[in-house]
Amino acid sequence: MANIEVTLVNSFTENGKGGNPAGVVLNADQLSDAQKLTIAQAVGYSETAFVCGDDEVDYQVSFFTTTGEVDFCGHATLATFSTMYKKGLITAGSYLQRTKAGILPVSIEPDGKVVMDQQLPQKLNRFSYQEISNVIGIETHLLESTQLPIEVVSTGLADVIIPVPGGYLDVIVPDDELIAEFCKKHKVVGFHVFELCDPESELTASCRNFAPLFGISEESATGSSSGALACYLTEHLALGGDYVFEQGRAMKCTSIITASVKSNHSAVINVKVGGFASNIGTVVIPV
């Protein structure tokens, strides 16, 4: 039996506060998938990242929830590269990570901010207001009043992007069973629900994310969903290429996520999501 050290990190913090916790295991080359799942379950966070060597790129990174492996995780990517930076294993600069969502660039700025490239957006499905109303408990006419579509967008993970009118985001009481059944039926990861902020606000939108199918009732910061939302807003509202999202307010754990989208006419050609991270500590888990 070996003892595995797991670094615990809050990702997408603001001035060291808030954020979404992730576990990070370095030098994980000898761990089996079963051992990785055991560690992720023991940590108990929404995701734990495992870093291995790679013959072609800088690192291979895999991500496990408490129920199994997922292709990509934004906040665990931030946690991983912030951890390596703070431990002095890497310096500010650009790196490549191999994930099941593809080979993705990650950069570390001199102030420690981690910025990750994501896959170009894929629009996978669209749902009616009535279909979603029945699941999240907001009346159909209120969802319709946004005049924005409900779409499945993926920049690494498929999420249902759901706009709600101002003032309705925090009143949602998620029904984990209904949301999990819907996501399983339609082969999506979760619901990313947002309301737009006032034009004079520094924030673009406030968000909530529900992924009970993967053991996550609600998540306080999601990098992959933020990339998808940035692409959605670029297409449907042409708000511009730079966004600031607030997430986790309803959990009293506010996180700040930045996103930028470069587009050429109607086509997105680059998606980046960034933020800061703060260490929580370490735990040792026997496997």
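Now for a look at the structure at hand. Keep in mind the model is a prediction, meaning the values are calculated, not measured. (Residues numbered from 1 in each chain as written. Predicted model: local features only at pLDDT ≥ 70, side-chain atom pairs only at ≥ 80, totals over all residues. Heavy atoms only, no water.)

All of the buried residues in helix 5 (residues 176-186) are Ile179, Ala180, Phe182 and Cys183. Relative to the axis of helix 5, the buried residues are bounded by an arc of 165° and lie together on one face. Opposite the packed face of helix 5, turned more than 90 degrees from it, sit the exposed residues Glu177, Lys184 and Lys185. On its buried side, helix 5 packs onto strand 9 (122-127), helix 3 (129-136), strand 12 (190-196) and strand 13 (205-211). One side-chain oxygen at the N-terminal end of helix 5 lies 3.1 Å from the backbone nitrogen of Glu177; it belongs to Asp175. (Buried < 20%, exposed > 50% of the residue type's maximum accessible area, 1.4 Å probe, protein only. Helix = DSSP H or I, 4+ residues; strand = E, 2+ residues; numbered from the N terminus. Arc of directions from axis to C-beta. Contact = heavy atoms within 4.5 Å. Polar contact = N/O pair within 3.5 Å; in protein donor to acceptor, adjacent residues only side chain to side chain.)

With respect to the helices and strands, Ser255 occurs in strand 16 (residues 255-264). Residue Ser255 is classed as buried on the basis of its relative accessible area, which comes to 0%. Apart from the residues lying within four places of it in its own chain, the contact partners of Ser255 are Ser11, Phe12, Gly18, Gly19, Asn20, Ser220, Ala221, Phe245, Glu246 and Gln247.

Turning to the nonpolar core, a few remarks are in order. The biggest cluster of nonpolar side chains holds 48 residues, and the ones touching the most others in it are Phe63, Phe81, Phe194, Leu229 and Phe245. The residues contacting Phe81, other than those within four sequence positions of it, are Tyr59, Ile90, Tyr95, Gln97, Val106, Ile108 and Val114. Residues Ile150, Ile162, Cys183 and Phe191 belong to the second largest nonpolar core, which totals 22 residues. (Core = buried A, V, L, I, M, F, W, Y, C linked by side-chain atoms within 4.5 Å.)

Looking now at the pattern of salt bridges. Enumeration over the complete set of coordinates arrives at eleven salt bridges. For Arg98, the salt bridge identified is with Glu56, shortest N-O distance 2.8 Å. Of this pair, Arg98 sits in strand 6 (residues 93-99) while Glu56 sits in the loop between strand 3 (48-52) and strand 4 (59-64); the two residues are 42 residues apart in sequence, bridging distant segments of the chain. For Arg98, a relative accessible area of 22% corresponds to the partly exposed category. If you follow the salt bridges from partner to partner, you end up with Lys123, Arg126, Glu151 and Glu235 in one network. (Salt bridge = Lys/Arg side-chain N within 4 Å of Asp/Glu carboxyl O.)

A regular strand carries its side chains on alternate faces of the sheet. The pairing of strand 4 with strand 6 spans two bridges and is classified as parallel. Residue Tyr59 lies in a different strand from strand 6, and its bridge partner there is Gln97. Between strand 6 and strand 7 (residues 102-108), which pair antiparallel and follow one another directly, the connecting turn spans two residues. (Pairing = 2+ DSSP bridges.)

This paragraph deals with the pairing of strand 8 (residues 114-117). With burial as the criterion, each face of strand 8 is covered, one bearing Val114 and Met116 and the other bearing Val115 and Asp117. Sheet analysis places strand 7 next to strand 8, joined by three bridges and oriented antiparallel. Paired with Val106 across the two strands is Met116, which belongs to strand 8. Counting the residues in the hairpin turn of strand 7 and strand 8 gives five residues, including Gly112, whose phi is positive at 95°. Pairing geometry for strand 8 and strand 17 (residues 267-286), over four bridges, is antiparallel. Residue pairing for strand 17: Val115 is matched across the bridge by Gly274.

Another aspect to go through is the environment of Thr155. Tracing the backbone shows Thr155 in the loop between strand 10 (150-154) and strand 11 (158-163). Classification of Thr155 as buried rests on a relative accessible area of 1%. Each residue touching Thr155, except ones within four places of it in the same chain, is listed here: Gln118, Gln119, Pro121, Ser224, Gly227, Ala228 and Cys231. Polar contacts involving the side chain of Thr155 include one to the side chain of Gln118, which spans 2.6 Å. Polar side-chain contacts of Thr155 include one of 3.1 Å to the backbone oxygen of Ser224.

Turning our attention to a nonpolar patch on the surface. Together, Leu196, Leu237 and Leu239 line one region of the surface with nonpolar side chains, adding up to about 230 Å² of accessible area. Turning to its location among the elements, Leu237 is positioned in the loop between helix 6 (223-236) and strand 15 (242-247). The class of Leu237 is partly exposed, set by a relative accessible area of 30%. (Patch = residues over 30% accessible without salt bridge, like charges linked within 9 Å, V, L, I, M, F, W, Y side chains within 5 Å. Areas by Shrake-Rupley, 256 points an atom, 1.4 Å probe, with all protein chains shown as cover.)

The description of an aromatic ring pair uses the distance of the two centres, along with the angle that the planes make with each other. With the rule as written, the count across this model stands at eight aromatic pairs. Each ring, one from Phe127 and one from Phe182, has its centre 4.9 Å from the other, and the planes form 65°; the classification is edge-to-face. Of this pair, Phe127 sits in strand 9 while Phe182 sits in helix 5; the two residues are 55 residues apart in sequence, bridging distant segments of the chain. Given the relative accessible area of 7%, Phe127 is considered buried. Given a relative accessible area of 10%, Phe182 falls into the buried group. A connected cluster of aromatic rings, assembled from ring pairs, spans Tyr59, Phe81 and Tyr95. (Phe/Tyr/Trp six-rings, centres within 6.5 Å; stacked < 30°, edge-to-face > 60°.)

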